[in-house]
Amino acid sequence: MQLPVYMDHAATTPCDPRVVEAMLPYFTQTFGNPGSRNHSFGWEAEAGVDAARQQVADLIGADRKEIIFTSGATESNNLAIKGAASMYAKGPAGTEKRGHIITAMHEHKAVLDPCKRLQKEGFDVTYLAPGKDGLITAKMIEEAMREDTILVTIMWANNELGTINEIPEIGKLCHDRGVVFHTDATQWVGKMPTDVTRDNVDLLSMSGHKIYGPKGVGALYVRRRKPRIRLTAIQEGGGQERGFRSGTLNVPGIVGLGKACELCAAEMDDERERLLALRKKIESAITSQLDTVQVNGHADKRLPNMTNISFGFVEGESMMMAIKEIAVSSGSACTSASLEPSYVLKALGIGDDLAHSSLRISMGRYTTEDQIDYAIEKIVAAVKKLRDLSPLYDMHNEGIDITKIEWQAH
Ligand SMILES: Cc1ncc(COP(=O)(O)O)c(C=O)c1O
């Protein structure tokens, strides 16, 4: 087996070779600018972009006119949230009380930071706390809704836990109340069946590099009918993408994103089954071979490909050092180089100790059963070894409740 083993597909995925193959001609042969209307170089590039737009739309049940290409989910989120807030604002810019926005505490920074910016511009933002299971429900949204609510932005699946929120129900509620509904579906799309019409979504963000496509390309779905959603552009210039997003299109990237979507649509059902079996295997092996471990997030309402496990009496960074042959993500240092425990896990009420000692293991298209067996063996051995060195674990085994100890500094 080739080492290290990659188990961090929630961070990024390798490009599928079939995606690379589809992209290659668009670098050197079909290199025209799709905005060039008066020669065949431009027309051919435009045809590539149009085909990709259809492939993306087909994966999520949209019309191709509803797809706006962007540089990734971060840009899609910024355009959706800032663009909708500005378009549907109650009061003029620079005034207070411009409208109310609902989001959640454990969203990705690419949602939280645009919301924080809007707060500075006079919008009022509610950051909902998820349940202990990590979920945001339609009931929570309903209770937070106000007369002046203009936008709800709730991710479809969480990037650290894989937990799945009640998106169709939240969307229905928003439609009933005439509120715009955006979902960051970066971790969801391509893995789970999606139909923006059935699921009542108005705006949906997605990214190429999480679905075996290239980095630096993504899309925003913008509903055109029932209701027609309008957005203020964030980036202005040549008026590409119907004025929503100016800038010469990244044609090879867009073609790659389209191909990645086509492959996901064709292979999703088999992949989902296979990955779920692998996830169950790793979870049951770890929880049966080790005590004082917990799988974070709802037991069932989770993506098939990832698991987040906290190990009591183990220090996160020592753990990462001990399993260097497996590329996973830790519950600390998740969003930055800091050793702060993950704000996502803390939002679920998980204490600092367990948040610090958690691992996110995310599998993908090329993960094999052998790799899973290897990861189980390495993780179990590392935890046992680290606990052998832990006086706190000894005390715990002697029946002492270490949370009740009053430590004395000298
Ligand atoms: C839920 C979620 N939203 C947004 C992003 C940002 O995506 P991109 O890297 O395409 O900007 C990520 C990737 O880390 C993510 O997991």
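Residues numbered from 1 in each chain as written. Predicted model: local features only at pLDDT ≥ 70, side-chain atom pairs only at ≥ 80, totals over all residues. Heavy atoms only, no water.

Caption draft 1: Representation of the packing of aromatic side chains in the model. Throughout the structure, instances matching the rule amount to four aromatic pairs. Plain terms: the ring middles of Trp-156 and Trp-188 are 4.7 Å apart, the flat faces sit at 10 degrees to each other, and that makes the pair stacked. Residue Trp-156 is found in the loop between β5 (149–153) and α7 (167–177), and its partner Trp-188 is found in the loop between β6 (180–184) and β7 (203–207); the two are separated by 32 residues along the sequence. Looking at Trp-156, the relative accessible area reads 2%, which means it is buried. (Phe/Tyr/Trp six-rings, centres within 6.5 Å; stacked < 30°, edge-to-face > 60°. Helix = DSSP H or I, 4+ residues; strand = E, 2+ residues; numbered from the N terminus. Buried < 20%, exposed > 50% of the residue type's maximum accessible area, 1.4 Å probe, protein only.)

Caption draft 2: How the structure looks around the pattern of salt bridges. One pass over the structure, following the stated rule, counts 26 salt bridges. Taking the shortest distance from any N to any O, the salt bridge between Arg-146 and Asp-148 comes out at 3.0 Å. Exposure remark for Asp-148: the relative accessible area of 24% places this residue in the partly exposed category. One continuous salt-bridge network, built from bridges that share partners, spans Asp-16, Arg-18, Glu-267, Glu-271 and Arg-365. (Salt bridge = Lys/Arg side-chain N within 4 Å of Asp/Glu carboxyl O.)

Caption draft 3: Structural context of the domain arrangement of the chain. Along its sequence, the chain is organised into domain 1 (5–9 + 269–400) and domain 2 (17–264). Here domain 1 and domain 2 have C-alpha centroids that lie 30 Å from each other. Between domain 1 and domain 2, the residue contacts involve 24 residues of the former and 30 residues of the latter. Between domain 1 and domain 2 lies a buried interface of about 2,400 Å² when both sides are counted; carbon and sulfur atoms form 60% of it. In terms of surface lost to domain 2, no three residues of domain 1 exceed Leu-303, Tyr-343 and Arg-365, which account for 26% of the buried area on that side. One can count zero salt bridges joining domain 1 with domain 2. (Domains from an automatic or database assignment. Contact = heavy atoms within 4.5 Å. Buried area = accessible area lost by both parts, 1.4 Å probe.)

Caption draft 4: Representation of the layout of surface pockets. Size it by volume and the largest pocket reaches roughly 430 Å³. Secondary-structure elements contributing two or more residues to the lining of the largest pocket are α11 (352–356) and α13 (391–397). Per-element accounting of the lining of the largest pocket gives the leading share, three residues, to α11. Residues of the lining of the largest pocket, tallied by class, amount to eight nonpolar, eight polar and three charged. (1 Å grid on protein atoms, 1.4 Å probe; cavity = no way out; pocket = protein on both sides within 12 Å on 5 of 7 lines; lining within 4 Å. Points joined across faces, edges and corners; volume = space filled by probe spheres on them. Nonpolar A, V, L, I, M, F, W, Y, C, P; charged D, E, K, R; others polar.)

Caption draft 5: Layout of the nonpolar core. Among the nonpolar cores identified, the biggest contains 57 residues, and Ile-141, Val-152 and Leu-204 are the most heavily contacted of them. The biggest single contributor to this core is helix α8 (residues 251–289), with nine residues. Discounting residues that sit within four places of it in the chain, Val-152 has contacts with Ile-102, Ile-141, Met-145, Ile-170, Cys-174, Val-179, Val-180, Phe-181 and His-182. (Core = buried A, V, L, I, M, F, W, Y, C linked by side-chain atoms within 4.5 Å.)

Caption draft 6: The site of the ligand, seen in detail. Every residue near the ligand is listed here: Gly-72, Ala-73, Thr-74, His-108, Met-155, Asn-159, Asp-184, Thr-186, Gln-187, Ser-207, His-209 and Lys-210. A distance of 3.4 Å separates a nitrogen atom of the ligand from a polar atom in the side chain of Thr-186. In the environment of the ligand, an oxygen atom lies 2.6 Å from a nitrogen or oxygen atom belonging to the side chain of Ser-207. (Near = heavy atom within 4 Å. Polar contact = N/O pair within 3.5 Å; in protein donor to acceptor, adjacent residues only side chain to side chain.)

Caption draft 7: Region of the structure containing the sheet that holds strand β9 (residues 293–295). Taking strand neighbours across the sheet as the criterion, the four strands line up as β9-β10-β13-β12 in an open arrangement whose pairing is antiparallel. The two strands at the open ends of the sheet, each matched to only one other strand, are β9 and β12 (329–330). In terms of strand pairing, strand β10 (residues 306–311) meets strand β13 (residues 358–362) through five bridges, oriented antiparallel. Note on β13: the bridge partner recorded for Asn-308 is Arg-360. Where α8 meets the sheet, it contacts β9, β10 and β13, and its direction lies at approximately 10 degrees from that of β10. Against the sheet, helix α12 (residues 369–388) touches β9, β10 and β13, its axis set at about 15 degrees to β10. (Pairing = 2+ DSSP bridges. Axes fitted to C-alpha atoms, helices over the stretch in contact; angles between N-to-C directions.)

Caption draft 8: Quick peek at the side chain of Thr-13. Looking at where Thr-13 falls in the secondary structure, it is placed in the loop between β1 (5–6) and α1 (17–23). Classification of Thr-13 as buried rests on a relative accessible area of 2%. Here His-209 takes part through its backbone oxygen, which lies 2.7 Å from a polar atom of the side chain of Thr-13. Among residues more than four places away in sequence, those in contact with Thr-13 are His-209, Lys-210, Ile-211, Tyr-212, Gly-213 and Lys-215.

Caption draft 9: Here's a closer look at a nonpolar patch on the surface. Together, Val-20, Leu-24 and Phe-27 make up a nonpolar patch on the protein surface, roughly 280 Å² of accessible area in all. Inspection of the secondary structure assignment puts Val-20 in helix α1. A relative accessible area of 33% means that Val-20 is categorised as partly exposed. (Patch = residues over 30% accessible without salt bridge, like charges linked within 9 Å, V, L, I, M, F, W, Y side chains within 5 Å. Areas by Shrake-Rupley, 256 points an atom, 1.4 Å probe, with all protein chains shown as cover.)

Caption draft 10: Examining the sheet that holds β5 more closely. A sheet is described by the order of its strands in space; here seven strands give the open sequence β2-β8-β7-β6-β5-β3-β4, paired in mixed fashion. Every interior strand has two partners, whereas the edge strands, β2 (67–70) and β4 (124–128), have only one. In this sheet, adjacent strand axes meet at a mean angle of 20 degrees when their direction is disregarded. Pairing of β5 with β6 involves three bridges; the strand directions are parallel. Of the residues in β6, the one forming a bridge with Thr-153 is His-182. Across the face of the sheet, helix α4 (residues 73–88) comes into contact with β2, β3 (100–104), β5, β6, β7 and β8 (218–222) while running at roughly 160 degrees to β7. Contacts from helix α5 (residues 109–120) reach β3, β4, β5 and β6, with the element oriented near 145 degrees to β4.

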